[in-house]
Amino acid sequence: MPTRDRLLAVLTAVLWGCNFLAIHATLTHFPPLLAAGVRFLLVAVPTMLLVPWPKVKLRWLLGYGLGFGTLQFAFLFVGMDTGMPTGLASLVLQASAPLTVVLGALLLREQLTARQVVGITLAVLGMAAIAWQRAEHAALLPVVLTLLGALSWAVGNLCARKAEAPNPLHFTLWSSVVPPIPMFVLSLVFEGPRAQWQAVSTAFTSEALLALAGLAYVVVFGTVVGSGIWTTLMRRNPASTVAPFSLLVPVVGLTLAFVVLDERPTPVEIAASVVVVGGVLLGSLPRRPRRGRTHAVTGSSAAGSERGDTRPARMSSA
């Protein structure tokens, strides 16, 4: 992987880590479900006008849009709005990686390696420790909501895998067309038209500037720029080389939450975070290639090759 691509991968992780701080700012003014709907609407409109159709089956696009888009961000935004610390949200959402592996094994019959099982177990233990620590402070619900967001992301990952999109960036952008209507309906039911109107009618006041800046960051840098760079890196390099850089996202998120928001995780949460990141990294490492026997081939030129698991990993941001 060239140095330029490594720097771009780090930049993407920083952009996505800052995304959680931007979401925190957005939720200071906008109700969470309304904010999520507006976020996707601002991506969906130019996508429908400017981006070609991704040439995939509609059911997989809908599945990804509902899983990755609607449900993940509904749970995440509501979780953060009800008290999930910004830094921990960036970490707990990484549970989507082991959950994707587990769902792939259960639903797609993908074989798990011993290393993946150990990594998943470590990640689950770390998440359980964080949930236990949060429960001690009567704040278990936000953790559960964020974990449901991670599970929704994992379901979306399976739909993306089945879609086998020729152009992953076009597929990701078109998936933003799915969430706005369900998000606005959920917002209407759970937040009410009064809260919606209050947020929209005062959106351009001086008090809402920080929230608007956060929303703009999520749309431009978190979604378009971040996903664009990441998709380009996935095209140019093996997925197993690029994917581990996503583990820098919670590092950035936790650090920024500590510096900017003065969020101070407990020693148990810090230790559990290390365990979670280590487990996700261990579970996401590529399968070691098996040594095959060399066969002599006559006639047309051919060679025996070692086959590893080269299936691309789809990574996204909050």
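That block above? That's the structure.
Everything numeric in this text was worked out from a predicted model, so none of it was measured.

Would you mind showing me how to read the overall build of the protein here?
In terms of helices and strands, the protein carries 14 helices and zero strands. Of the regular secondary structure in the protein, the N- to C-terminal order runs α-α-α-α-α-α-α-α-α-α-α-α-α-α. For the protein, buried positions account for 47% of its 318 residues. With the model as given, the accessible surface of the protein reaches about 15900 Å², and the carbon-plus-sulfur share is 67%.

Is there a simple way to think about unusual backbone geometry in this case?
Across residues other than glycine, the phi torsion is negative in most instances, and most of the peptide bonds are trans. A positive phi angle, close to 50°, is found at Glu164, a residue other than glycine. Counting through the fold element by element, Glu164 comes out in the loop between helix H7 (140-163) and helix H8 (168-175). Phi at Asp262 takes a positive value of approximately 60°, unusual for a residue other than glycine. Positionally, Asp262 belongs in the loop between helix H13 (248-260) and helix H14 (267-284).

Just to check I follow, could you spell out the packing of helix H9 (residues 180-190) against helix H10 (residues 192-201) for this structure?
Packed helices, taken two at a time, are described by the angle their axes make and the gap between the axes. Running from N to C, H9 and H10 point in directions that differ by 115°, and their axes come no closer than 5 Å. With respect to each other, H9 and H10 are oriented roughly perpendicular. In this structure, H9 contributes Phe184, Ser187, Leu188 and Phe190 to the contact, and H10 contributes Gly192, Pro193 and Gln196. Classifying every residue of the contact of H9 with H10 by side-chain character gives four nonpolar, three polar and no charged.

Definitions and limits used
Residues numbered from 1 in each chain as written. Predicted model: local features only at pLDDT ≥ 70, side-chain atom pairs only at ≥ 80, totals over all residues. Heavy atoms only, no water. Helix = DSSP H or I, 4+ residues; strand = E, 2+ residues; numbered from the N terminus. Buried < 20%, exposed > 50% of the residue type's maximum accessible area, 1.4 Å probe, protein only. Areas by Shrake-Rupley, 256 points an atom, 1.4 Å probe, with all protein chains shown as cover. Axes fitted to C-alpha atoms, helices over the stretch in contact; angles between N-to-C directions. Parallel < 35°, antiparallel > 145°, perpendicular 65-115°, else oblique. Contact = heavy atoms within 4.5 Å. Nonpolar A, V, L, I, M, F, W, Y, C, P; charged D, E, K, R; others polar.

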